[in-house]
Number of protein chains: 2
Amino acid sequence: MKIDNIDVSAYPNSNKKYVAGTLYPDIRVGMREINQYPTVEIKDGKRIEHPNAPVTVYDTSGPYTDPKINTDINAGIPRIRTSWIEKRGDTEILDDITSEYGRMRMNDACLQPIRFPVNHKPRRAAEGKCVTQLHYARKGIITPEMEYVAIRENLDNKERGIDTYITPEFVRDEIAAGRAVIAANINHPESEPMIIGSAFSVKINTNIGNSALSSGIEEEVAKAVWSCYWGGDTLMDLSTGDNIHETREWIIRNCPVPVGTVPIYQALEKVNGDVKRLTWEIYRDTLIEQCEQGVDYFTIHAGVLRAHAELVAERLTGCVSRGGSIMTQWTVLHDEESFLYTHFDEICEILNKYDVAVSLGDGMRPGSTHDANDRAQFLELDVLGELAQKAWQHDVQVFIEGPGHVPMHKIPENMQRQKEACHNAPFYTLGPLTTDIAPGYDHITSAIGAAIIGALGTAMLCYVTPKEHLSLPDLGDVRDGVIAYKVAAHAADLCKGLPGASVRDDALSKARYDFRWKDQFNLSLDPEKAKEYYLQSRRDAPDADDRFCTMCGPNFCAMRISQNIADKCNQ
Amino acid sequence: MKIDNIDVSAYPNSNKKYVAGTLYPDIRVGMREINQYPTVEIKDGKRIEHPNAPVTVYDTSGPYTDPKINTDINAGIPRIRTSWIEKRGDTEILDDITSEYGRMRMNDACLQPIRFPVNHKPRRAAEGKCVTQLHYARKGIITPEMEYVAIRENLDNKERGIDTYITPEFVRDEIAAGRAVIAANINHPESEPMIIGSAFSVKINTNIGNSALSSGIEEEVAKAVWSCYWGGDTLMDLSTGDNIHETREWIIRNCPVPVGTVPIYQALEKVNGDVKRLTWEIYRDTLIEQCEQGVDYFTIHAGVLRAHAELVAERLTGCVSRGGSIMTQWTVLHDEESFLYTHFDEICEILNKYDVAVSLGDGMRPGSTHDANDRAQFLELDVLGELAQKAWQHDVQVFIEGPGHVPMHKIPENMQRQKEACHNAPFYTLGPLTTDIAPGYDHITSAIGAAIIGALGTAMLCYVTPKEHLSLPDLGDVRDGVIAYKVAAHAADLCKGLPGASVRDDALSKARYDFRWKDQFNLSLDPEKAKEYYLQSRRDAPDADDRFCTMCGPNFCAMRISQNIADKCNQ
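Just so it is clear, the model here is predicted, and its values are computed rather than measured.

Caption draft 1: Quick peek at the overall build of chain A. From N to C terminus, chain A includes 21 helices and 19 strands. For 571 residues, the compact-globule estimate of 2.2 N^0.38 gives 25 Å, and chain A sits close to it at 24 Å. Over its C-alpha atoms, taken along the principal directions, chain A stretches across nearly 85 × 55 × 45 Å. With 571 residues in all, chain A has 67% of them scored as buried. Within chain A, contacts between residues separated by at least 24 positions form 74% of all contacts whose residues are at least 6 apart in sequence. Accessible area for chain A stands at about 19100 Å²; split by element, carbon and sulfur atoms hold 47% of it. Across chain A, the mean location of the 61 positive side-chain charges is 5 Å away from that of the 82 negative side-chain charges.

Listed below in structure tokens is the structure:
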């Protein structure tokens, strides 16, 4: 389908495949199957075709790439998890939105033109119930969500005879131990479950969102779907401009991946940007508003303490986290401890009624390689570890945000300290950027750091686009950022020895060696771009079946020569 | 100046600075000084300016960015090393080109229109003399080239009070031990000396060259100058199409960085691509032809042995090195040992008459992550180690080429084995690419591997452009590839703790924190692109002096907020 003129309807020569559950036969895990052309051998003048099996790959694009599903952004995408949630029988549908602000927006007739057309009533845990995946996991219950992610992680490893440790029971155990998270708000049943944890494939998060300087609702929805199309596993809506509430509703109703936010941004909007006027009550109402819309995880900078403010002044680049700087300023202005810290138990009590995960924000992440691994950063990390344990006491799922700007030699210490201080809660880092000297190329400076920290065990990598530090990303930047991070995440998966991780690499390499150009394109992370580049040299041969590389030309193709050698040796 | 419509005349707000030698007061080492605007403080309504010192950076652009030098590609650039070489008194000027092929081209009147207009007679070591930097180093002689690179590596560390181990004597010692190379053919006096060795800053090599499918002479010269402008430290001319000889002459006469080639490509052209007809005599003539033109280093795939051919057949992607596949095929067709291997002593005897370094090619580099670190690759590496020692016996400088496609966890073994097998000769790798699934983005898949292997001690990284595997790079791709590799090399330098490596990062970070946008652009690896991206969001403020980031908009700027915090804390 097309949204705002972007086309996300299909991947080339691929089909959507659904795998059913065993424990839950009605779950259908969507995957993408990339078909391949046969390898052609010419023997004694005869053409012999050797078939190449399709390659199954992880698919984050949701229903948009299934031609059998008619998607319509005015209706939202199918709510696949509703029946799973209802069967658990531990939730209730509310008559009205709980948040005062939410009700005010809902009752404002002027907003009708920009409001999402369908009104879904919010769902909440029934009185005395807890509805988090962590809660179920600790009770020994394997949920449909858990079986779903187990199937999703394994792709077709079983059919390929690849051993795997990832079973539904393993998933349950990882979640119970706090080592993995399935961020799945009961009010976002459109979301296809996915898992964030170091034992699983490395995930990537993308950021979208308008700012005071930018863009409209349809554009934001298009960006969201676009980022899923290219491979974003989760999506943060970082909007700070007008109509945050309505924009978010459109995004969530159309988003097949978990959505995260930083609620302090909206809270600050509510007090017209005046940090001093922020209160726990306004923040609390914002949390509930967003819980009931279906946000799957909140970045909460609860580790920024009053005592840390002085450390900011010592740094080369101060505090570069928006949420962190807001809260630091608040603690200084009030000379009081942060309300996010003092009210953290209440926050958890809200979150566990909807199963919203908390992503503990690193307000003190270094904004320059100079400030990496400093006291401010690591003192905050210790606080995050303490808060993670508090979240677990409330059965709230938690992961920990990390830097930032870190030179390569200081990366391992980040991972090591995070594991220790945060008791193996999943780590979710922004990059890190390994040098500061390349604005315009920070998707690359950070893909280096991301691959390294991913290989060391970081569970999710927050993407960085080429526009980082300079401007807001457009669609092309989102694509560039997503692919750079898919590269980093996949390089890390190969390094970790994740079961089946090399299947796609090997298939693409074989296609390359066979001169199956179309398969090489189709198996790649960005088939369109690969083909486009190829055709720049071969406008005369758009069928892409040359038996040589465009790099070397027909006379110097190493791979063709080495096929001749192989033939010779095999004679 | 402009060549073929590309402009490489100056870097923004920068000036060329020359530092004279101490041992050799007449050498002038060109560097780039980036000027900065003052930091502005508003105190009690008054504007106070705190000056920021200029930042000196390594400059590979040669005379093109010096407004005092008039460059003209028809005349070539200044031959700065001629007097140094002449003072040594160990060379002679030849009346004519030694190579038969070279003489034939020179005497062909039809080639007049495409021939470089100035005829420089070739220089060679006088009878019984050896003119390599290794020879001098072993004799305890510090050459101007050695002092030049010592100054060049240190930039303004001394003025900044940064301790450094890099002295002319240290350089001499590294070269004498074979741990570093100054590739500086006596017939390429235009080249500004640079050093390749793990104790120094990590260098990057760029590849240009026409193929049967591509481009003309002026375009190739423009690409060469362009790659130097963006930061390429050395340049390989991999042309395989028509007029290789003449194209190379134009490139060398206009190139301020060392030029490398793979002579087997041209040798094969001479036999019309018929591998079987390749002979030692043709290859030998090609070497001499290129030595006398001024090529600074040759990639020679002398480690590909007859016995290795069978191993190629076992691989997923065979042999992907052009030179390697040619030689493998030759050994199979003739059922004979490679003439590059059997004649290696004679090769060295030629090279040490001109001081051409040998870059021992890895004909068996893996072309897929599947084939990484296999027997073919490591058996060849052992042969390269043996050949390196042979080169040293002839006082020939040598470095070793490495992979290729290697997943992250297999990278350290490459470095470790290379050090052992090749007795600490400098390592020069292509990437490595850490996954195979991203054609169109292989500058990124490989920048990850390059940064890692650079940090482990690889001395030079051969760039990969986004067009790798798909097409020949255009100017935009060259720029993207160079910057991706400058990022990788610099990330590695920071990791290695190279003296002064973080000066530029810290200056840029400070500029960022001060909202000195123009300085942030100018200090970056690609000022033009950084500015262009910034202006996409700020068309209304082209002066770039906003006191907030375009990312967050005026109300949410973390850095502005944290400056307020710092002010508050400092009150």
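Caption draft 2: Focus on the nonpolar core. Counting 278 residues, the largest nonpolar core has Val171, Tyr283, Leu351 and Ile400 of chain A together with Tyr283, Leu351 and Ile400 of chain B as the members making the most contacts within it. Dropping the residues within four chain positions of it, isoleucine 400 of chain A is found in contact with Leu360, Leu381, Leu384, Ala388, Gln418, Cys422, Ala425, Pro426, Phe427 and Tyr428 of chain A. Among the nonpolar cores identified, the runner-up in size contains 19 residues, and Val131, Ile175, Ile195 and Ala199 of chain B belong to it.

Caption draft 3: Broad picture of helix H6 (residues 217-230) of chain A. All names here are of chain A. Between the first and last C-alpha of H6 there are 20 Å, a value that for 14 residues agrees with the 20 Å anticipated at 1.5 Å per step. Taking burial as the measure, the 14 residues of H6 include twelve buried ones, the bulk of the element. Of all the residues in H6, the buried ones are Ile217, Glu220, Val221, Ala222, Lys223, Ala224, Val225, Trp226, Ser227, Cys228, Tyr229 and Trp230. A positive phi of about 130° marks glycine 231, the residue just after H6.

Caption draft 4: Fine view of the interface of chain B and chain A. On the chain A side, the residues contacting the 105 residues of chain B number 105 residues. Summed over both sides, the interface between chain B and chain A buries roughly 8500 Å², with carbon and sulfur atoms accounting for 71% of that surface. Summed over the shared surface of chain B and chain A, the number is zero salt bridges. Run the count over chain B and chain A and you get 18 residue pairs in polar contact (both at pLDDT 80 or more). In terms of residues, the side of chain B that touches chain A owes the most to one element, helix H17 (residues 475-496) of chain B, which gives eleven residues. Residue composition of the side of chain B that touches chain A, by class: 55 nonpolar, 31 polar and 19 charged.

Caption draft 5: Region of the structure containing the sheet that holds strand S4 (residues 28-34) of chain B. Residues and elements named next belong to chain B. Read from one edge of the open sheet, three strands run S3-S4-S7, paired in antiparallel fashion. This sheet does not close on itself; its edge strands, each paired only once, are strand S3 (14-20) and strand S7 (55-57). Here the average twist between neighbouring strands, direction ignored, is 40°. Across seven bridges, the pairing between S3 and S4 is antiparallel. Residue pairing in the sheet places valine 19 in a bridge with valine 29 of S4.

Caption draft 6: Quick look at the relation of the copies chain B and chain A. Placing chain B over chain A gives an RMSD of 0.0 Å and needs a rotation angle of 180°, together with 0.0 Å of translation along the axis. In the structure described here, the two chain copies are related by an operation that fits a two-fold rotation axis. Measuring from the rotation axis to each C-alpha of chain B, the shortest distance belongs to isoleucine 448 of chain B, at 2.3 Å. Here 99% of the interface residues in chain B have copies in chain A that are interface residues too; the copies meet face to matching face.

Caption draft 7: Region of interest: helix H16 (residues 442-455) of chain B. Here H16 of chain B spans 19 Å end to end across 14 residues, near enough to the 20 Å set by a 1.5 Å rise per residue. Backbone geometry just after H16 of chain B places glycine 457 of chain B at a positive phi near 125°.

Caption draft 8: Here's a closer look at the side chain of serine 368 of chain A. Mapped onto the fold, serine 368 of chain A is located in the loop between strand S16 (357-360) and helix H14 (375-393). On the basis of relative accessibility, which here comes to 0%, the residue serine 368 of chain A falls in the buried class. Of note is the side chain of serine 368 of chain A, whose polar atom sits 3.0 Å from the side chain of threonine 317 of chain A. Sequence-distant contacts of serine 368 of chain A, that is, excluding residues within four places in its chain, are made with Leu316, Thr317, His405 and Asp436 of chain A together with Ser509 of chain B.

Caption draft 9: Geometry of unusual backbone geometry. Residue and element names in this part refer to chain A. The omega torsion across glycine 431 and proline 432 is 5°, close enough to zero to call that bond cis. Checked against the element boundaries, proline 432 lands in the loop between strand S18 (427-430) and helix H16 (442-455). With phi around 60°, phenylalanine 515 is a residue other than glycine that occupies positive phi space. Among the secondary structure elements, phenylalanine 515 is positioned in the loop between helix H18 (503-513) and helix H19 (517-523). Given the relative accessible area of 5%, phenylalanine 515 is considered buried.

Caption draft 10: Just the packing of H16 of chain A against H16 of chain B, in detail. Contact geometry for H16 of chain A and H16 of chain B: axes closest at 9 Å, N-to-C directions at 60°. In terms of orientation, H16 of chain A and H16 of chain B fall into the oblique class. Crossing of H16 of chain A over H16 of chain B shows right-handed handedness. In contact with His443, Ile444, Ala447, Ile448, Ala451 and Ile452 of chain A of H16 of chain A, H16 of chain B contributes His443, Ile444, Ala447, Ile448, Ala451 and Ile452 of chain B.

Caption draft 11: Local environment of the environment of lysine 158 of chain B. All names here are of chain B. Assignment of secondary structure puts lysine 158 in the loop between helix H4 (144-154) and helix H5 (168-176). Of the residues examined, lysine 158 reaches a relative accessible area of 77% and is grouped as exposed. Taking the C-alpha atoms as reference, lysine 158 lies 9.5 Å from glycine 500; in sequence the two are 342 residues apart.

Caption draft 12: Region of interest: the packing of aromatic side chains. Scanning all chains against the criterion turns up 30 aromatic pairs over all chains. The side chain of arginine 32 of chain A reaches across the aromatic face of tyrosine 11 of chain A, ending 4.0 Å from its centre.

Caption draft 13: Up close: the pattern of salt bridges. Residues and elements named next belong to chain A. Evaluation of the coordinates by the stated rule reveals 72 salt bridges over all chains. Close ionic contact of arginine 253 with glutamate 249 constitutes a salt bridge, the shortest N to O distance being 2.9 Å. Highlighted residues: arginine 253 and glutamate 249, both in helix H7 (residues 244-253), separated by four residues, approximately one helical turn. On the accessibility criterion, arginine 253 (3% relative accessible area) is buried.

Caption draft 14: Layout of the environment of threonine 261 of chain B. All names here are of chain B. On the secondary structure map, threonine 261 appears in strand S14 (residues 259-261). Each C-alpha atom of the pair threonine 261 and lysine 529 lies 31 Å from the other, and the pair is 268 residues apart in sequence. Threonine 261 has contacts with Met236, Asp237, Arg248, Gln290, Val295, Tyr297, Phe298 and Thr299, leaving out every residue within four places of it along the chain. At a separation of 2.5 Å, a polar atom in the side chain of threonine 261 contacts the side chain of glutamine 290.

Definitions and limits used
Residues numbered from 1 in each chain as written. Chains lettered and ligands numbered in written order. Predicted model: local features only at pLDDT ≥ 70, side-chain atom pairs only at ≥ 80, totals over all residues. Heavy atoms only, no water. Helix = DSSP H or I, 4+ residues; strand = E, 2+ residues; numbered from the N terminus. Rg over C-alpha atoms; globule rule 2.2 N^0.38 Å. Buried < 20%, exposed > 50% of the residue type's maximum accessible area, 1.4 Å probe, protein only. Contact = heavy atoms within 4.5 Å. Areas by Shrake-Rupley, 256 points an atom, 1.4 Å probe, with all protein chains shown as cover. Lys, Arg positive; Asp, Glu negative; His and termini not counted. Charge placed at Lys NZ, Arg CZ, Asp CG, Glu CD. Core = buried A, V, L, I, M, F, W, Y, C linked by side-chain atoms within 4.5 Å. Expected span 1.5 Å × (residues − 1). Buried area = accessible area lost by both parts, 1.4 Å probe. Salt bridge = Lys/Arg side-chain N within 4 Å of Asp/Glu carboxyl O. Polar contact = N/O pair within 3.5 Å; in protein donor to acceptor, adjacent residues only side chain to side chain. Nonpolar A, V, L, I, M, F, W, Y, C, P; charged D, E, K, R; others polar. Pairing = 2+ DSSP bridges. Axes fitted to C-alpha atoms, helices over the stretch in contact; angles between N-to-C directions. Least-squares fit on C-alpha atoms with pLDDT ≥ 70 in both. Parallel < 35°, antiparallel > 145°, perpendicular 65-115°, else oblique. Left-handed = near helix turned anticlockwise from the far one by under 90°. Phe/Tyr/Trp six-rings, centres within 6.5 Å; stacked < 30°, edge-to-face > 60°. Lys NZ or Arg CZ within 6 Å of the ring centre and 35° of its normal.

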